[in-house]
Amino acid sequence: ITDVYSSSPALGRYFRSAKVDYFSNETSTVYYQLEFFVPPSTEGFMENVMNPDFIRSVLLQNIYDEE
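Quick caveat, the model's predicted, so the values are computed rather than measured.

Caption draft 1: Representation of the pattern of salt bridges. Here the structure, examined in full by the defined rule, presents one salt bridge. The residue Asp53 makes a salt bridge to Arg56 at a minimum N-O spacing of 2.7 Å. Here the residue Asp53 and the residue Arg56 both occupy positions in helix α3 (residues 52-66), the gap between them amounting to three residues, near one helical turn.

Written out as structure tokens, the structure reads:
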């Protein structure tokens, strides 16, 4: 996951780290804590770039590209 976000054209320059918060073998569930650097107030930055749906879509696109 670190490689996905650090190499992302949209998020790479803001990505700092990822760590596993929770892992379950039984359900194949992993919860990550992602850390991004947020620049000083830029209009629309938090609503657009740091939108959870957008961040998730970067990961999903990477998964689709590898298939």
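Caption draft 2: The pairing of strand β2 (residues 29-36), seen in detail. Direction of pairing for strand β1 (residues 15-24) relative to β2: antiparallel, over a ladder of eight bridges. Across the sheet, residue Phe23 finds its bridge partner in β2, namely Val30. Counting the residues that bridge the hairpin from β1 to β2 gives four residues, and of these Ser28 lies at a positive phi of roughly 55 degrees.

Caption draft 3: Here's a closer look at a nonpolar patch on the surface. The grouping of Val20, Phe23, Val30 and Tyr32 at the surface amounts to a nonpolar patch, some 360 Å² of accessible area in total. Sorting the residues of the nonpolar patch by element identifies β1 and β2 as the ones contributing at least two each. The residue Phe23 is located in strand β1 in this model.

Caption draft 4: Expanded view of the nonpolar core. The biggest cluster of nonpolar side chains holds 10 residues, and these are Val4, Tyr5, Leu11, Tyr14, Phe15, Phe36, Phe45, Met50, Ile55 and Val58. Looking at this core, the elements with two or more residues in it are α1 (2-6) and α3. Apart from residues no more than four positions distant in its own chain, Met50 is found in contact with Leu11, Tyr14, Phe36, Phe45 and Ile55.

Caption draft 5: Region of the structure containing the side chain of Ser24. Here Ser24 shows up in strand β1. We classify Ser24 as buried; its relative accessible area is 10%. A polar side-chain atom of Ser24 sits 3.4 Å from the main-chain amide nitrogen of Glu26.

Caption draft 6: Structural context of unusual backbone geometry. Phi at Ser28 is positive, roughly 55 degrees, even though this residue is not glycine. We classify Ser28 as exposed; its relative accessible area is 65%.

Caption draft 7: Here's a closer look at the packing of aromatic side chains. Tallying each qualifying case throughout the model produces five aromatic pairs. With a centroid separation of 4.9 Å and an interplanar angle of 70 degrees, the aromatic rings of Tyr14 and Phe45 are classed as edge-to-face. Here Tyr14, found in the loop between α1 and β1, pairs with Phe45, found in helix α2 (residues 45-48); they are 31 residues apart in sequence, far enough to count as distant. A residue is classified by how much of its surface remains accessible, and Phe45, at 7% relative accessible area, is buried. Taken together, the ring pairs in this structure connect Tyr5, Phe15 and Phe36 into an aromatic cluster.

Scoring rules and cut-offs
Residues numbered from 1 in each chain as written. Predicted model: local features only at pLDDT ≥ 70, side-chain atom pairs only at ≥ 80, totals over all residues. Heavy atoms only, no water. Salt bridge = Lys/Arg side-chain N within 4 Å of Asp/Glu carboxyl O. Helix = DSSP H or I, 4+ residues; strand = E, 2+ residues; numbered from the N terminus. Pairing = 2+ DSSP bridges. Patch = residues over 30% accessible without salt bridge, like charges linked within 9 Å, V, L, I, M, F, W, Y side chains within 5 Å. Areas by Shrake-Rupley, 256 points an atom, 1.4 Å probe, with all protein chains shown as cover. Core = buried A, V, L, I, M, F, W, Y, C linked by side-chain atoms within 4.5 Å. Buried < 20%, exposed > 50% of the residue type's maximum accessible area, 1.4 Å probe, protein only. Contact = heavy atoms within 4.5 Å. Polar contact = N/O pair within 3.5 Å; in protein donor to acceptor, adjacent residues only side chain to side chain. Phe/Tyr/Trp six-rings, centres within 6.5 Å; stacked < 30°, edge-to-face > 60°.

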